[in-house]
Amino acid sequence: MLCRQQNLKKQCKMKFRFLLFTFLVISWSFAQVETSINDSASTKQETKITFTQFELSVPLQGNKNRGEVFPDGSVNNSWFVPEGINSSFGYGIHLNEWLGWSAHTGIGMKLSEKLIVAPVFSNLRIMPKIGEETRLGIDVGLGQSFALGRGDLSGTYKRIKLNLEASEFQLFIEITSYGFQLHTTNQGSISVGFGVLTF
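Read on for a plain summary of the structure. Everything quoted here is computed from the prediction, not taken from an experiment. (Residues numbered from 1 in each chain as written. Predicted model: local features only at pLDDT ≥ 70, side-chain atom pairs only at ≥ 80, totals over all residues. Heavy atoms only, no water.)

**Considerations on empty space enclosed by the protein**
Applying the stated criterion to the full structure yields 1 cavity of 30 Å³ or more. For the largest cavity, the calculated volume is near 140 Å³. If you go around the largest cavity, you meet 17 residues; those closest to its centre are Asn 86, Ser 87, Ser 88, Tyr 157 and Glu 174. Listed by contribution, the elements that provide at least two residues to the lining of the largest cavity are strand E1 (50-62), strand E3 (86-95), strand E4 (99-110), strand E5 (115-126), strand E7 (154-166) and strand E8 (169-182). Looking at side-chain class alone, the lining of the largest cavity contains 7 nonpolar, 7 polar and 3 charged residues. (1 Å grid on protein atoms, 1.4 Å probe; cavity = no way out; pocket = protein on both sides within 12 Å on 5 of 7 lines; lining within 4 Å. Points joined across faces, edges and corners; volume = space filled by probe spheres on them. Helix = DSSP H or I, 4+ residues; strand = E, 2+ residues; numbered from the N terminus. Nonpolar A, V, L, I, M, F, W, Y, C, P; charged D, E, K, R; others polar.)

Shown next, in the form of structure tokens:
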């Protein structure tokens, strides 16, 4: 009887050790699977260096009729009036969303001049972080602009843009020069708009 009790104790100790060993092996294997999934997900995010950018803006013109009284008695107090609409699309590469280079094309309209322009340009993006997900910076663009429906009228396109970016949404003020004259006036615009970026 004494031998039997000793055998039972040995078997219980062996079972306990086996269960403890099995539990530890299973715990470590789940931890390794979880770690490898997290590592592979972060690797995929870090390797994507391309981005796309879509912009829509409204060029502004000084209001020549400011101070004029309307028939209903109200006064025209607007400093600026809309001049048309601009749109552009770009595709490029970036370094941590901070520094980027992209190729853009688009279309711009100036209603007062009855002018439609198609610029093709490269763009340098410098956007340092100023908050958790907020960036403030500039875009500088240089390329060629083509006046549509005006023969061979074209010029060197230049733009500078001040951006405020939160996550993938962007608000901006932009100054552009089309690089040619129409009716003895240099053509360009000052615009306000928004952009959407996809990293």
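**Notes on the layout of surface pockets**
In this model, the second largest pocket occupies a volume close to 180 Å³. Contributing to the lining of the second largest pocket are Asn 96, Glu 97, Lys 129, Glu 132, Glu 133, Arg 135, Glu 165, Ser 167, Glu 168 and Phe 199. For the lining of the second largest pocket, the class distribution of residues is 1 nonpolar, 2 polar and 7 charged.

**Some thoughts on the pairing of E3**
Along E3, the buried face is formed by Asn 86, Ser 88, Gly 90, Gly 92 and His 94; none of Ser 87, Phe 89, Tyr 91, Ile 93 and Leu 95, which line the opposite face, is buried. As paired strands, E3 and E4 are joined by 10 bridges and run antiparallel to one another. By the bridge assignment for E4, Gly 92 is matched with Ser 102. Hairpin connection between E3 and E4: a loop of 3 residues separates the two successive antiparallel strands, and Asn 96 in this loop has a positive phi of roughly 55°. (Buried < 20%, exposed > 50% of the residue type's maximum accessible area, 1.4 Å probe, protein only. Pairing = 2+ DSSP bridges.)

**Observations regarding the packing of aromatic side chains**
Using the criterion set out here, one finds 5 aromatic pairs in the structure. Ring plane angle 35° and centroid distance 5.6 Å describe the contact between Phe 51 and Phe 199, whose orientation is recorded as tilted. Taken as a pair, Phe 51 in strand E1 and Phe 199 in the segment after strand E9 (185-198) lie far apart in primary sequence, 148 residues in all. Classification of Phe 51 as buried rests on a relative accessible area of 1%. (Phe/Tyr/Trp six-rings, centres within 6.5 Å; stacked < 30°, edge-to-face > 60°.)

**Examining the side chain of His 94**
Among the secondary structure elements, His 94 is positioned in strand E3. Within the structure, the side chain of His 94 is placed 3.0 Å from the backbone nitrogen of Glu 97, a separation counted as a polar contact. Excluding its chain neighbours within four sequence positions, the residues that come into contact with His 94 are Lys 48, Ile 49, Thr 50, Phe 51, Leu 99, Gly 100 and Phe 199. (Polar contact = N/O pair within 3.5 Å; in protein donor to acceptor, adjacent residues only side chain to side chain. Contact = heavy atoms within 4.5 Å.)

**Regarding the pattern of salt bridges**
Working definition: two side chains of opposite charge can pair if their charged atoms are close together. A full pass over the atoms with the stated rule returns 7 salt bridges. The partner of Arg 125 in a salt bridge is Glu 165, and the shortest N-O contact between them spans 3.0 Å. Here Glu 165 lies in strand E7 and Arg 125 lies in strand E5, a separation of 40 residues in the sequence. Look at Arg 125 and you get buried, because its relative accessible area is 1%. For Glu 165, a relative accessible area of 0% puts it in the buried group. (Salt bridge = Lys/Arg side-chain N within 4 Å of Asp/Glu carboxyl O.)

**Notes on the pairing of E9**
Relative to E9, E1 is paired through 9 bridges, and the arrangement is antiparallel. Bridge assignment links Thr 52 to a residue of E9, and that residue is Thr 198. Two elements, E8 and E9, share 11 bridges in a ladder whose sense is antiparallel. In the sheet register, Phe 169 faces E9, and the bridge partner there is Val 196. Between the end of E8 and the start of E9, which pair antiparallel, lie 2 residues, with His 183 showing a positive phi angle near 55°.

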